[in-house]
Amino acid sequence: MPFAIDKTVRERTLKCKRDFVCCDIGGCPECDIEQEVSNDLVFVKPKQGSAYACSYLVPFASSYVCRCPVRSELWQKYRK
């Protein structure tokens, strides 16, 4: 079953280059959560090569901050 992501969240995710593959059947987020700072701010560890393809990743020290609205909702709803 695909992950249910609110339509308004998808509409705010204008820079997704992967066509929301993380929400599809068999899909999974391209990044693992390292640490949650707040509801909409998480540090992530991208899978190899995906950091260069995502417009929502912001390098921070030796990690990345994820600013993707869909990724944030996946974490909040499903802890994925």
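Before any of the text, the structure's been laid out above.
Treat the numbers as computed from the prediction; the structure is a model and nothing was measured. (Residues numbered from 1 in each chain as written. Predicted model: local features only at pLDDT ≥ 70, side-chain atom pairs only at ≥ 80, totals over all residues. Heavy atoms only, no water.)

A.B. asks: Please explain the pattern of salt bridges as it appears in this structure.
C.D. replies: This model, assessed by the stated rule, comprises three salt bridges. The closest approach of N and O atoms between Glu11 and Lys7, which form a salt bridge, is 3.9 Å. Of this pair, Glu11 and Lys7 are both found in helix α1 (residues 7-12), four residues apart, which corresponds to roughly one turn of the helix. Given a relative accessible area of 47%, Glu11 falls into the partly exposed group. (Salt bridge = Lys/Arg side-chain N within 4 Å of Asp/Glu carboxyl O. Helix = DSSP H or I, 4+ residues; strand = E, 2+ residues; numbered from the N terminus. Buried < 20%, exposed > 50% of the residue type's maximum accessible area, 1.4 Å probe, protein only.)

A.B. asks: When you look at the packing of aromatic side chains in this model, what are you seeing that I'm missing?
C.D. replies: One pair of aromatic rings is described through two measures. These are the centre distance and the angle between the planes. Counting across every chain of the model gives one aromatic pair. Seen in terms of ring centroids, Phe43 and Phe60 are 5.5 Å apart; in terms of plane orientation they differ by 55 degrees. Their pairing is tilted. With a gap of 17 residues between them, Phe43 in strand β2 (residues 41-46) and Phe60 in strand β3 (residues 57-60) connect regions that are remote in the sequence. You can call Phe43 buried: its relative accessible area is 15%. Geometry around Phe20 places Arg10 over its ring, the cationic atom sitting 4.8 Å from the centre. Above the plane of the ring of Tyr56 lies Lys15, whose end atom (NZ or CZ) is 4.9 Å from the centre. (Phe/Tyr/Trp six-rings, centres within 6.5 Å; stacked < 30°, edge-to-face > 60°. Lys NZ or Arg CZ within 6 Å of the ring centre and 35° of its normal.)

A.B. asks: What exactly am I supposed to notice about the sheet that holds strand β1 (residues 31-38) here?
C.D. replies: Neighbouring strands of a sheet are bound in pairs by backbone hydrogen bonds; such pairs are parallel or else antiparallel. Pairing within the open sheet is antiparallel, and its four strands lie in the order β1-β2-β4-β3. Each edge of the open sheet is held by one strand with a lone partner, namely β1 and β3. Across the sheet, the axes of successive neighbouring strands diverge by a mean angle of 35 degrees, strand direction being ignored. Of the pairings in the sheet, the one linking β2 to strand β4 (residues 63-66) comprises three bridges and is antiparallel in character. When the sheet's bridge partners are listed, Val44 is paired in β4 with Tyr64. Docked against the sheet, helix α2 (residues 69-78) engages β1, β2 and β4, running at close to 80 degrees with respect to β1. (Pairing = 2+ DSSP bridges. Axes fitted to C-alpha atoms, helices over the stretch in contact; angles between N-to-C directions. Contact = heavy atoms within 4.5 Å.)

A.B. asks: When you look at the pairing of β1 in this model, what are you seeing that I'm missing?
C.D. replies: Successive residues of a regular strand alternate their side chains across the two faces of the sheet. Two strands pair when backbone bridges link them, and β1 and β2 are joined in this way by six bridges, in the antiparallel orientation. The partner of Gln35 across the bridge, within β2, is Phe43. Joining the antiparallel neighbours β1 and β2 is a turn of two residues.

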